[in-house]
Amino acid sequence: MKNLKPLLAAGLLAATLPGYAQKAVPKPDFHQWAPTPPMGWNSWDCYGPTVTEAEVKANADYMAKNLKSSGWEYVVVDIRWYVGNDTAHGYNEKNPEWNIDEYGRFVPAPNRFPSAAGGKGFRPLADYLHAKGLKFGIHIMRGVPVVAVQRRLPILGTKLTAADIYSKEDQARWLRDMYTVKEGPGAQEYYDSLFKLYASWGLDFVKVDDLSEPYHKPEVEMIRRAIDKTGRKIVFSTSPGETPIAEAGHVAANANMWRTVGDFWDSWEQLKEHFEVCERWAPHIQPGAFPDADMLPLGRLGIRAERGNDRMTRFTRDEQTTLMTLWSIFRSPLMFGGDLPSNDAATLALLTNPRVLAVNRSSTHNRQLFRRGDLVAWTADDPATGDKFLALFNAQDQELAPASAAAWNSGSLNRQAPSKAADIDITGATKLYLNVRDGGDGTAWDHADWLNPTLSTTDGKTVALASLPWRSATAGWGQATVGKSVSGAPLLVAGQTAETGIGTHANSIIEYDLPAGYTRFRTTLGLDQAAARQNTGGTLDGLIFTTSPYRPTPADSVQVPIVLKELGLTGGYVQDLWTGQQLGHFAGEFAPYVRRHGARLYRISTRKK
């Protein structure tokens, strides 16, 4: 071995002489930590705030065996891992069993995460995942714990306490675990202490909730600085959305991914809304900074979820293909929400198609090519070959009749005007349709209740509509439910609980066959308290029809013609990326059929493969 002493001495001398000052090592750009959209599993859609260590490990084991080779690597423990007695279908805010350390930092509940006992935190679980070649993530809420403020717990490395850095301003209305961290002494130090702890656990990914909408710029910046100080490559995701698009530059400069929507579930209505959202955000896609269209509610969901019951996804196979196609050509992060060990072969195939995942991983210039009614085309480039990617979508629906055709119209309901009574003449009618429509701000929190719906005759005989079976019922999220809100709670509107009624969610239609002889229908439509207490959403319109609220049904499958010049081509060889099939050479125009609610994804090359 060479004698290193002269070299070291020379280096030390050079560092002290004028003109030999060493340049500071450039700080790594955090965008390099996620050059392609992150891919992983998140516990939220299955387990809400109740997931256990055994369930996390079971999903990790499946990922390591079946998905890791396709690029899936993150395993994320979602909300309230620090509460020992949380519940499904909501949060336990009455008597939560907090687990918090002496510096006001939540730690894992050992009854749910046994390996965290003895102050080990999430380190043993992270080690388990790392040994499998996977990465570990957690969800946290923005802010400082209310319980830390109440107990005046100290902030690590300072003489201040949590009570010195909090503000009640902008506290989340949907979960009151945290207060805002106000700018000033101790604020940065608090976030620094959090991420120092997380880094010691081996954290690779953090999802920070209540950060994007409304957008909390000071705390976004504090979190960015705190992560950087750890020296650990922790991917930073903000939630939920929609993040203000005016802040696109700021969030991209501070986070690796940010939400573009509120919580997304297995609802076609919500999926259809993503076409507009993705078009809006496509110009802001860049390596290491990705607009996040939210999780993939596929496979088995709702085992102990915050919303909904144990079920397989309500998306049809066509809708599942649409979801994966849009997320891939939009280059959204891919976070699977279903219980992986419960997957069937079709769901696994959906997640591991190498040709489709390559579009998500490496395509460029992703953009909507056109939207003609509900026929949509997206395109992107393959920078390695110059080939074009083409995604075609048929989002056509059976359109609703205009509100003017309804027998009753509530007008807009919201937090300021949460309910409206209806009393309508149904003489001679054989059908009744209760229709709730989104009020214009998206359907994420449009929980609606039809309260005390009653049929009556001219001689005073009455029957509760909710006691009769409906012919059919749809809901934008969840399922229409007799006697409860769509979230499973009591029917609560403007502080008043109704004994009878139907909970539903925009967009929703409940169809009844009317018994003979009834001439009047009375009910009150209200915005459910679960929606009214949220920070966003909570607008709806209610309509009652006695004739069909639908227009004629569109065809099951239609051609979506593409003039290849729109892609900058005169012709090309086309491959179906979902099936791998080579379809041949097309010149001038390419016009495949696309099923309603379905999608197709193609590679078009000027050279024969």
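Given the structure is predicted, the values throughout are model-derived calculations rather than measurements.

1. What about the overall build of the chain?
Tallying secondary structure elements over the chain gives 13 helices and 36 strands in all. Taken against the 2.2 N^0.38 rule, which gives 25 Å for 609 residues, the C-alpha radius of gyration of the chain at 27 Å falls within 12% of a compact globule. Projected onto the principal axes, the alpha-carbon positions of the chain cover approximately 110 × 70 × 40 Å. Counting only residues that meet the buried cut, the chain has 56% of its 609 residues in that class. Sequence separation of at least 24 residues holds for 76% of the intrachain contacts in the chain that already meet a minimum separation of 6. By element, 52% of the accessible surface of the chain is carried by carbon and sulfur atoms, the whole surface being about 24700 Å². Taking the average place of the 66 positive charges on the side chains of the chain and the average place of its 65 negative ones, the gap between the two points comes to 6 Å.

2. Looking at the nonpolar core
Counting residues in hydrophobic clusters, the biggest one holds 128 residues, and the most contacted among them are W72, W81, I138, F195, V206, L296 and W378. For F195, the residues in contact, after removing those within four places along its chain, are I140, V206, I223, A226, I227, T230 and I234.

3. Here we look at the packing of helix α6 (residues 187–201) against helix α7 (residues 217–230)
Close contact between α6 and α7 brings their axes to 8 Å; oriented N to C, the two are set at 45°. Judged by the inter-axis angle, α6 sits oblique to α7. The interaxial crossing formed by α6 with α7 has right-handed handedness. Packed against α6, whose contacting residues are A187, Q188, Y191, D192, F195, K196 and A199, the element α7 presents E219, M222, I223, R225, A226, I227, K229 and T230 at the interface. Looking at side-chain class alone, the contact of α6 with α7 contains eight nonpolar, two polar and five charged residues.

4. A closer look at the sheet that holds strand β1 (residues 39–42)
The eight strands are arranged β10-β9-β8-β7-β3-β2-β1-β13 in an open sheet whose pairing can be described as parallel. Edge positions in the sheet fall to β10 (290–292) and β13 (334–336), since each has one partner strand and no second. Across the sheet, the mean angle separating the axes of adjacent strands is 25° when strand polarity is ignored. Pairing of β1 with β13, which is carried by three bridges, proceeds in the parallel orientation. Residue W41 lies in a different strand from β13, and its bridge partner there is F336.

5. Re unusual backbone geometry
Along the chain, S239 connects to P240 via a cis peptide bond; the corresponding omega equals -25°. Relative to the helices and strands, P240 is located in the loop between β8 (235–238) and α8 (248–252). Here A506 and N507 are connected by a cis peptide whose omega angle stands at -5°. Within the element layout of this structure, N507 appears in the loop between β26 (501–505) and β27 (508–513). Positive phi, close to 60°, is recorded for H89, a residue that is not glycine. Within the secondary structure, H89 is located in the loop between β2 (74–77) and α4 (123–131). Residue H89 is classed as partly exposed on the basis of its relative accessible area, which comes to 41%. Backbone geometry places R331, a non-glycine residue, at a positive phi of 60°. As for its placement among the helices and strands, R331 is situated in the loop between α10 (317–330) and β13.

6. Considerations on the side chain of S332
Considering the arrangement of structural elements, one finds S332 in the loop between α10 and β13. Under the relative-accessibility criterion, S332 is labelled buried at 0%. Among the polar contacts listed, one links the side chain of S332 to the backbone nitrogen of A293, at a separation of 3.1 Å. Setting aside anything within four residues of it in sequence, one finds S332 in contact with P37, P291, D292, A293, D294, W327 and N360.

7. Focus on the pattern of salt bridges
If you walk through the whole model with that rule in mind, you get 38 salt bridges. Ionic pairing is found between K217 and E247, a salt bridge with its closest N-O pair at 3.4 Å. Linking K217 in helix α7 with E247 in the loop between β8 and α8, this pair joins segments that are 30 residues apart in sequence. The exposure class of K217 is partly exposed, given its relative accessible area of 32%. Put simply, R259 and D263 hold a salt bridge, and the shortest N to O gap is 2.9 Å. Of the residues examined, R259 reaches a relative accessible area of 2% and is grouped as buried. Through salt bridges with shared partners, a single ionic network connects K272, R371, D374 and D397.

8. Side note on the confidence of the model for the chain
Taken as a whole, the chain shows an average pLDDT of 93; of its residues, 95% reach a score of 70 or greater. Counting contacts from residues 1–25, a segment whose pLDDT is below 50, to residues more than four positions away or on other chains yields three contacts.

9. Some remarks on the packing of aromatic side chains
Per the counting criterion, the structure on display carries 25 aromatic pairs. Joined through ring pairs, the aromatic side chains of W81, Y82, W98, F106, F113, F122, F136, F195, Y198 and W201 make up one cluster. Between the NZ or CZ atom of K57 and the centre of the ring of Y128, over which it lies, the distance is 4.6 Å. Here the basic side chain of R372 rests over the ring of F370, its NZ or CZ set 3.5 Å away from the ring centre.

The rules behind the values
- Residues numbered from 1 in each chain as written.
- Predicted model: local features only at pLDDT ≥ 70, side-chain atom pairs only at ≥ 80, totals over all residues.
- Heavy atoms only, no water.
- Helix = DSSP H or I, 4+ residues; strand = E, 2+ residues; numbered from the N terminus.
- Rg over C-alpha atoms; globule rule 2.2 N^0.38 Å.
- Buried < 20%, exposed > 50% of the residue type's maximum accessible area, 1.4 Å probe, protein only.
- Contact = heavy atoms within 4.5 Å.
- Areas by Shrake-Rupley, 256 points an atom, 1.4 Å probe, with all protein chains shown as cover.
- Lys, Arg positive; Asp, Glu negative; His and termini not counted.
- Charge placed at Lys NZ, Arg CZ, Asp CG, Glu CD.
- Core = buried A, V, L, I, M, F, W, Y, C linked by side-chain atoms within 4.5 Å.
- Axes fitted to C-alpha atoms, helices over the stretch in contact; angles between N-to-C directions.
- Parallel < 35°, antiparallel > 145°, perpendicular 65-115°, else oblique.
- Left-handed = near helix turned anticlockwise from the far one by under 90°.
- Nonpolar A, V, L, I, M, F, W, Y, C, P; charged D, E, K, R; others polar.
- Pairing = 2+ DSSP bridges.
- Polar contact = N/O pair within 3.5 Å; in protein donor to acceptor, adjacent residues only side chain to side chain.
- Salt bridge = Lys/Arg side-chain N within 4 Å of Asp/Glu carboxyl O.
- pLDDT = per-residue confidence, 0-100.
- Phe/Tyr/Trp six-rings, centres within 6.5 Å; stacked < 30°, edge-to-face > 60°.
- Lys NZ or Arg CZ within 6 Å of the ring centre and 35° of its normal.

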